[in-house]
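Structural features, examined
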Amino acid sequence: MAKPRKAAALLASGLILALAGVFYLLGWEVARSAALLLASALSGWSIAVRAFRSLRMRVFSIELLVTIAMIGAVILGEYVEAAAVAFLFRLGAYLEAITLGKTRSALKALIDLAPAEALVLRDGVQVKVLASEVVRGDRVLLPSGSKIAVDGQVASGQALVNEAAITGEPVPVGKQVRDRVFSGTTVDTGYLEVIAEQVGEETTFAKIIELVEEAQESKAKTQRFLDKFASYYTPGMLLLAVLVFLVSRNPELALTFLVIACPGALVISAPVSMVAGLGNGAANGLLIKGGEVLENLARAEVVAFDKTGTLTEGNPSVVAVHTYGGMQERELLELTAAVEAASEHPLGQAIVNAAKARKVEPADRPKQVEVHKGSGIYGEVRGQTVRVGKREWLEQQGVSISKEVWDEAERQEKRGCTVVFAAVNRMLIGVIAIADPIRAEAKEVIQGLKRKGVKRVVMLTGDNRHAAQQVADRLGIDQVHAGLLPADKVALIQEWQRQGRRVTMLGDGINDAPAIAAADIGLAMGGAGTDIAIETADAVIMADRLDKLVYARQLAKRTVRNMKQNVSFAITVVVLLLAGVLTRHIYLASGMFIHEFSVILVILNALRLTWRGRGTRTNRNMRRNVDPKAMITTVSTAPGYPPDRGVS
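Residues numbered from 1 in each chain as written. Predicted model: local features only at pLDDT ≥ 70, side-chain atom pairs only at ≥ 80, totals over all residues. Heavy atoms only, no water.

Looking at the overall build of the chain
When you go through the chain residue by residue, the secondary structure sums to 24 helices and 20 strands. Restricting the contact set of the chain to residue pairs at least 6 apart, pairs at least 24 apart contribute 70%. Approximately 29000 Å² of the chain is accessible, and the part contributed by carbon and sulfur atoms is 57%. (Helix = DSSP H or I, 4+ residues; strand = E, 2+ residues; numbered from the N terminus. Contact = heavy atoms within 4.5 Å. Areas by Shrake-Rupley, 256 points an atom, 1.4 Å probe, with all protein chains shown as cover.)

The following block contains the structure:
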């Protein structure tokens, strides 16, 4: 928003111009000329100051063209033209500041949502403190209507939490013990007590604000090109104006040419579109780190997906346990759960949860735990070395797997399960089949991406070929690469890039961090490992909703299209105006008015990006089928995962 002082100066200049008109009607020429000169000085002073500062930095700015035109008009005695040029330029800048401020409303709304205070329990006493004074480990009390000031885990209570500030989704989310909550969200109904884990600038909400600010200040390739173009354009127009004067011997024509050549609309055409697009994304739960990411996303040809937690719900469940070598199921779960408790992998957590569901306590805390990323995990439990992971990895570790066991594993895989093998002291003790349901919106997302111009949709997964292919067949994915390690995913992405393809990679932001970093556009689902996702990816889908990807692609294409419209319109206006000046059909005041009006049209066109689109069709359909009041009783229930409908 423009500063009040600037608004007052503009208003005073306008009133003096109106007064000059009254003096003209009264025939008071001296008073009229004095009023016009005063209006010129009032509006033109700040323009001249900015032009001088730019010159000191050896930059030929647009303000320099306007300043020269104003001074020249005064020298020629064209006081009306001098005052009109200064006033219209200031008016255009003022309106530009107002409308650009509106495009940043999403960021302002985020900042306004930041909680100022928190109610904490210290030494058994409830104390209200500033949000910045909450420390890790504090127990934060959250009655209905409270704004959550920390990232943390629910220690007690049950509530519906509005997470729109983080995810863009207006439907409240049920929370209970062990669920995570985020700063900037609000307790709609219920009561929670939360143990603070991230506070102050460490919270997800604080990082979002910081990154949105950085993104709105960043420049896309088109914008950087226009900035460079402007540095050559101004001196070029100065030379052309001199040439016009030498040919025509008409100083007024040369000055008019100089003023009309100011490419105000052209200079703002790219940034105003990008800022509006980024603001729209922030309002819809899409954290996009800069205009260049939007440009790349709009032109992406290949979209690669991780499977577990991305195309699937990320809530895998154990559906079958087979034991060998005289091992009992309870003992198998005791040993494997003990080791997997040290892992954050969804499949490992599924084993831990299966043990809890069967009321099996994990064995003693494991020693010397070592995670082999993408392969498995081992640790020492009760003096025995327990290995849990892929068949190939266990065989490399010296574990022998018989054909009978492999046939059973393959049968489970063909049913859509992921199979995990377990061994003790290099002797196989069991096979665990795990299933993970496909996301309800996944098929429509794949189809939507193809409708939006994506040429190839691929899956990159460390899972087995059977489970991966079953997911791909059900979703219409073009190509599947299964059994991959993180380095294998990176190698495939780099190969596509060498072929000249622009690649987008979407994963969970933790296990897929190398692939996300290697892709031209790395996207992460913010629901899993949100802080890591924010740090790693170029864009983050803050809602744990896959259909936001289609909206992101649509928004990127709309933003780039809007930017091209603005650039084309601005260039056309400048060319037509200059042609009109040279043919004596357009004069200084009328040309300046058209020029400033074109600036407003460019900004209004960009603002369309903030007016359109508040989510995808799938979002709206699913919202209609959700009863927020029912969520408080159904949260965290764990329905069965029949193998015939669930894949990992």
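A short note on the sheet that holds strand E10 (residues 317-323)
Pairing between sheet strands relies on hydrogen bonds along the backbone, with the strands arranged either parallel or antiparallel. With antiparallel pairing, six strands are arranged side by side in an open sheet as E10-E15-E14-E13-E12-E11. If you trace the sheet from one side to the other, it starts and ends with E10 and strand E11 (367-372), each paired once. Averaged over all neighbouring strand pairs, the angle between strand axes comes to 15 degrees, with direction disregarded. Here strand E12 (residues 376-381) runs beside strand E13 (residues 384-389); their pairing, made up of six bridges, is antiparallel. Paired with Ile377 across the two strands is Val388, which belongs to E13. The strands touched by helix H15 (residues 403-414) are E10, strand E14 (418-424) and strand E15 (427-435); relative to E14, the strand with the most contacts, the crossing angle is about 150 degrees. (Pairing = 2+ DSSP bridges. Axes fitted to C-alpha atoms, helices over the stretch in contact; angles between N-to-C directions.)

Quick look at the pairing of strand E18 (residues 503-507)
Of all five residues that make up E18, five are buried, and the element is covered over most of its length. Here E18 shows a buried face lined by Val503, Met505 and Gly507 and a second buried face lined by Thr504 and Leu506. Bridge count between strand E9 (residues 302-305) and E18: four bridges; the pairing is parallel. Paired with Ala304 across the two strands is Met505, which belongs to E18. Note: E18 against strand E19 (residues 521-525), four bridges, orientation parallel. Its bridge partner being in E19, Thr504 is matched across the sheet by Ile521. (Buried < 20%, exposed > 50% of the residue type's maximum accessible area, 1.4 Å probe, protein only.)

Regarding the pattern of salt bridges
Scanning all chains against the criterion turns up 14 salt bridges. Ionic pairing is found between Arg139 and Glu193, a salt bridge with its closest N-O pair at 2.5 Å. One end of the pair, Arg139, is in strand E3 (residues 139-142); the other, Glu193, is in strand E7 (residues 186-198), and 54 residues separate them in sequence. Classification of Arg139 by relative accessible area gives partly exposed; the value is 26%. Look at Glu193 and you get buried, because its relative accessible area is 15%. (Salt bridge = Lys/Arg side-chain N within 4 Å of Asp/Glu carboxyl O.)

Focus on the side chain of Thr67
With respect to the helices and strands, the residue Thr67 is situated in helix H3 (residues 62-75). Beyond its immediate sequence surroundings of up to four residues, Thr67 is in contact with Ile47, Ala48 and Ala51.

Notes on the nonpolar core
In this structure, Phe305 and Leu311 are the most contacted members of the largest nonpolar core, which totals 41 residues. Looking at this core element by element, the count peaks at eight residues for helix H21 (residues 548-582). Leaving out residues up to four positions away in the same chain, Phe305 has contacts with Thr310, Leu311, Ile446, Leu449, Val457, Val458, Met459, Leu460, Met505, Leu506, Leu546 and Leu549. (Core = buried A, V, L, I, M, F, W, Y, C linked by side-chain atoms within 4.5 Å.)

What about the packing of helix H12 (residues 329-340) against helix H13 (residues 346-357)?
Two numbers describe how H12 lies on H13: the axes approach to 8 Å, and their chain directions differ by 135 degrees. In terms of orientation, H12 lies oblique with respect to H13. Crossing of H12 over H13 shows left-handed handedness. In this structure, H12 uses Leu333, Thr336, Ala337 and Glu340 to contact H13, whose residues at the interface are Gly348, Gln349, Ile351, Val352 and Ala355. Classifying every residue of the contact of H12 with H13 by side-chain character gives five nonpolar, three polar and one charged. (Parallel < 35°, antiparallel > 145°, perpendicular 65-115°, else oblique. Left-handed = near helix turned anticlockwise from the far one by under 90°. Nonpolar A, V, L, I, M, F, W, Y, C, P; charged D, E, K, R; others polar.)

Focus on the environment of Glu441
Along the polypeptide, Glu441 turns up in the loop between E15 and helix H16 (442-451). For Glu441 and Asp547, which are 106 residues apart along the polypeptide, the C-alpha to C-alpha distance reads 6.4 Å.

Here we look at a nonpolar patch on the surface
A contiguous nonpolar patch, built from Phe569, Phe593, Ile594, Phe597, Leu601, Leu604 and Trp611 and spanning about 690 Å² of accessible area, is present on the exposed surface. Within the secondary structure, Ile594 is located in helix H22 (residues 588-611). (Patch = residues over 30% accessible without salt bridge, like charges linked within 9 Å, V, L, I, M, F, W, Y side chains within 5 Å.)

With respect to the side chain of Ser273
Following the sequence through the fold, Ser273 ends up in helix H10 (residues 264-283). Here Asn566 takes part through its side chain, which lies 3.0 Å from a polar atom of the side chain of Ser273. What Ser273 contacts, discounting residues up to four positions off in sequence, is Thr559, Asn562, Met563, Asn566, Ala606 and Leu609. (Polar contact = N/O pair within 3.5 Å; in protein donor to acceptor, adjacent residues only side chain to side chain.)

Considering the packing of aromatic side chains
Enumeration according to the criterion identifies two aromatic pairs in this entry. With 6.3 Å between their ring centres and 20 degrees between their planes, Trp406 and Phe421 make a pair best called stacked. On the criterion of sequence distance, the pair formed by Trp406 in helix H15 and Phe421 in strand E14 is long-range, its members being 15 residues apart. One cation-aromatic arrangement involves Arg387 over Tyr378; the distance from NZ or CZ to the ring centre is 5.4 Å. (Phe/Tyr/Trp six-rings, centres within 6.5 Å; stacked < 30°, edge-to-face > 60°. Lys NZ or Arg CZ within 6 Å of the ring centre and 35° of its normal.)

Quick word on the sheet that holds E18
Read across the sheet, seven strands follow the order E8-E20-E19-E18-E9-E16-E17 without closing on themselves; strand pairing throughout is mixed. At either margin of the open sheet sits one strand with a lone partner, and together these are strand E8 (286-288) and strand E17 (479-481). Neighbour-to-neighbour, the strand axes of this sheet turn through a mean angle of 20 degrees, independent of strand direction. Each of E8, E18, E19 and strand E20 (539-541) touches helix H11 (residues 291-299); the most contacted strand, E19, lies at about 95 degrees to it. Sitting on the sheet, helix H18 (residues 486-498) is in contact with E9, strand E16 (456-460), E17 and E18, with an inclination near 160 degrees to E16.

Considerations on the pairing of E19
Burial within E19 is extensive, with five of its five residues counted as buried. By the alternation rule, side chains of E19 split into Ile521, Leu523 and Met525 and Gly522 and Ala524, which are all buried. In this structure, E19 lies alongside E20, joined through three bridges in parallel fashion. Across the sheet, the residue bridging to Leu523 is Ala539, located in E20.

Some thoughts on the packing of H11 against H21
Running from N to C, H11 and H21 point in directions that differ by 110 degrees, and their axes come no closer than 8 Å. The angle between H11 and H21 places the two elements in the roughly perpendicular class. In this structure, H11 contributes Leu294, Glu295, Leu297, Ala298 and Arg299 to the contact, and H21 contributes Ala552, Arg553, Ala556, Lys557, Thr559, Val560, Met563 and Lys564. In terms of residue class, the contact of H11 with H21 is built from seven nonpolar, one polar and five charged.

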